[in-house]
Every structure is written in C-alpha cells, then in structure tokens.
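So the chains spell out like this:
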Amino acid sequence: MPVNREAYQQIIKELEPTKATLVAVSKTKPVEEIRELYDLGQRDFGENYVQELAEKAEQLPKDIRWHFIGHLQSNKVKHIAPFIHLIHGVDSNKLLEEIDKQAIKNNRVIDCLLQVYIAKEETKFGFEESELANVVVYDSPNISIKGLMGMASFTEDMEKVRQEFRSLKEIYDRHAVLTANSTHKSAKFTTLSMGMSSDYRVALEEGSGMVRIGSLLFGAR
Ligand SMILES: *Cc1c(COP(=O)(O)O)cnc(C)c1O
C-alpha cells in the first residue's frame, strides 16, 4: 500500500501552528515506504522493535532521526544505543541505568522520555506519577531526560482520552518546573509526546508537543 501523501501534507499543515513534531510511525512497513516519506521531507520516524529498527536504519539515510517508541528491554538497548535519537518509553530505573551504560560505551548522550501510565483501566507500561520525583533526579552526563510520553486508553470515548491527556500535561508542567529549578542536570523538560492516529487532534488541543502517527500515513498494519 502506498504512503498516504494527502494525509501527510494535511497533518503537516495542522501541526504547523502548534509547533508540535510529527514522528511517522513506520513499524512493520517496508523501507521503500519510509523513503517515500523521507523524500517528502519527513525526518523523524518511530519504530517499536529493536531488530527491525536496526535493520532499517542501516538501509536508510543517516540523517533520519529514529525514535524508539515501543517497550524496550534492557538487554536490547545496546543495539540502538549508537544512533537512537530519542527513546520514548523509559519505564523503569533499571532501563534508565542500562541506557546510561550504553550511552557511556558509545561516548554520547542519549535523550529519553519517561513513560507515564495514564490509561487507568488498561495494563500499559509506565511510571505512576508518584514515582516520577525519584526518577527525574537521575544524574548522569550521558542521559538527558527530555520529558514525558503517554498513551491514552484505547477507546472511542474521546472525553476520557482528553481527560487522560490533560492529566499528563499537568504532570508534565509540574515536573518541567521542578526540573528547570533543580541542580540535577539529566532532566530538562522540552518534550511531551502524546497522540496517535486516532487521538492526535485531542492530544494537540491538550498541549502535546510531539505526535506519533502510523496508520494515517502508512495505512492499517
Ligand atoms: C504503533 C504506535 C503508534 C502509532 O499508532 P497509529 O495508531 O498507527 O498511529 C504510536 N505510539 C506507539 C507507542 C505505538 O506503539
């Protein structure tokens, strides 16, 4: 299935006034389709699987900014550590420590977002808000905690989705202030990643700074 160019141009237009970044989620889609969007100017792409991401990155232009948006297992960090642009789903201290270790090995700083559990009725990965205070004090020259990421409930009930995004934005704002004033250098909030194909408009209305959109661009998986 070809890339939906019309949808792409329309989303770009919608994002312009919001200054939000589009991450094109290309999981399970072939490199030819990624290249098609690349040729239209898209540079940020998101993937969920380590092996798939590593293989695609090898075949595609080096100025692509690769986002890891899936659930990352600690033992796989090493495969993406040399090149990953942003890891969205950091959901444990153990994972953060492993990313740090691999960042040191690669002599670079790795940017991360902490995943926050906002979909109350679903089992999804992430920190509870009460745990964040202990994580944002993480202090390492090789880790940069850029903000938060969250996924709303999988539901048609957009009011519920809106409430979840709103609460994530509030959590983000509180910690943005805390981290701006703290002496810990790893956490400096600039990025709130929320919204996908089905709910990105609501996410933007609630203050998202980064949307992760797959099926609207590449078709159903
Ligand atoms: C797959 C995925 C997306 C994109 O989902 P679409 O509904 O295809 O837009 C966004 N975020 C995460 C974390 C995903 O796993």
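This text goes with the structure placed above it.
From a predicted model like this one, the values you see are computed outputs, not experimental measurements.

This part takes up helix α5 (residues 93–105). Taking 1.5 Å as the rise per residue, α5 with 13 residues should run 18 Å; its terminal C-alpha atoms sit 18 Å apart, in good agreement. Within α5, the full set of buried residues consists of Leu 95, Leu 96, Glu 98, Ile 99, Asp 100, Gln 102 and Ala 103. Along its buried surface, α5 packs onto α4 (77–80), β4 (86–90), β5 (110–116), α6 (129–135) and β6 (143–150). Looking one or two places after α5, you find Asn 107, whose phi comes out positive at around 55°.

Here helix α3 (residues 50–59) has its buried residues at Val 50, Glu 52, Leu 53, Lys 56 and Ala 57. Looking straight down α3, one finds its buried side chains confined to an arc of 160°; they lie on one side. Facing away from the buried side of α3 by over 90 degrees, the exposed positions are Gln 51 and Glu 58. Looking at the buried residues of α3, the elements they touch are α2 (31–39), β2 (44–47), β3 (65–68) and α4.

For strand β1 (residues 21–25), the buried fraction is high: four of the five residues fall into the buried class. One ladder, built from four bridges, connects β1 with strand β8 (residues 210–213); its direction is parallel. Among the inter-strand pairings, Leu 22 is bridged to a residue of β8, identified as Val 211. When β1 meets β2, the two strands line up parallel, connected through two bridges. Within β2, the position partnered with Val 25 by the bridge is Gly 46. Running through α2, the crossover from β1 to the neighbouring parallel element β2 is right-handed.

Applying the stated criterion across every chain, the model contains two aromatic pairs. Aromatic side chains Phe 45 and Trp 66 sit 6.1 Å apart centroid to centroid with 45° between the ring planes, which places their arrangement in the tilted category. Taken together, the positions of Phe 45 in strand β2 and Trp 66 in strand β3 put the pair 21 residues apart, joining distant regions of the chain. According to the relative accessible area criterion, Trp 66 is buried, its value standing at 3%. Ring geometry for Tyr 172 versus Phe 189: centroids 5.4 Å apart, planes at 25°, classification stacked. In this pair, Tyr 172 sits in helix α7 (residues 158–181) while Phe 189 sits in strand β7 (residues 187–194), placing the two residues 17 residues apart along the sequence. Over the ring of Tyr 38 we find Arg 43; its NZ or CZ atom is 3.6 Å from the centre of that ring.

In the region of the ligand, 13 residues are neighbours, and Lys 27, Asn 48, Ser 197, Ser 215 and Arg 221 sit closest. Separating an oxygen atom of the ligand from a side-chain N or O atom of Asn 48 is a distance of 2.8 Å. At 2.8 Å from an oxygen atom of the ligand is found a main-chain nitrogen or oxygen belonging to Gly 214. Summarising the interface, the protein chains cover 91% of the accessible area of the ligand, which totals 390 Å² for the free molecule. Grouping the constituent residues of the shell around the ligand by class yields six nonpolar, four polar and three charged.

Definitions and cut-offs
Residues numbered from 1 in each chain as written. Predicted model: local features only at pLDDT ≥ 70, side-chain atom pairs only at ≥ 80, totals over all residues. Heavy atoms only, no water. Helix = DSSP H or I, 4+ residues; strand = E, 2+ residues; numbered from the N terminus. Expected span 1.5 Å × (residues − 1). Buried < 20%, exposed > 50% of the residue type's maximum accessible area, 1.4 Å probe, protein only. Contact = heavy atoms within 4.5 Å. Arc of directions from axis to C-beta. Pairing = 2+ DSSP bridges. Right-handed = clockwise from strand over helix to strand, strands pointing away. Phe/Tyr/Trp six-rings, centres within 6.5 Å; stacked < 30°, edge-to-face > 60°. Lys NZ or Arg CZ within 6 Å of the ring centre and 35° of its normal. Near = heavy atom within 4 Å. Polar contact = N/O pair within 3.5 Å; in protein donor to acceptor, adjacent residues only side chain to side chain. Areas by Shrake-Rupley, 256 points an atom, 1.4 Å probe, with all protein chains shown as cover. Nonpolar A, V, L, I, M, F, W, Y, C, P; charged D, E, K, R; others polar.

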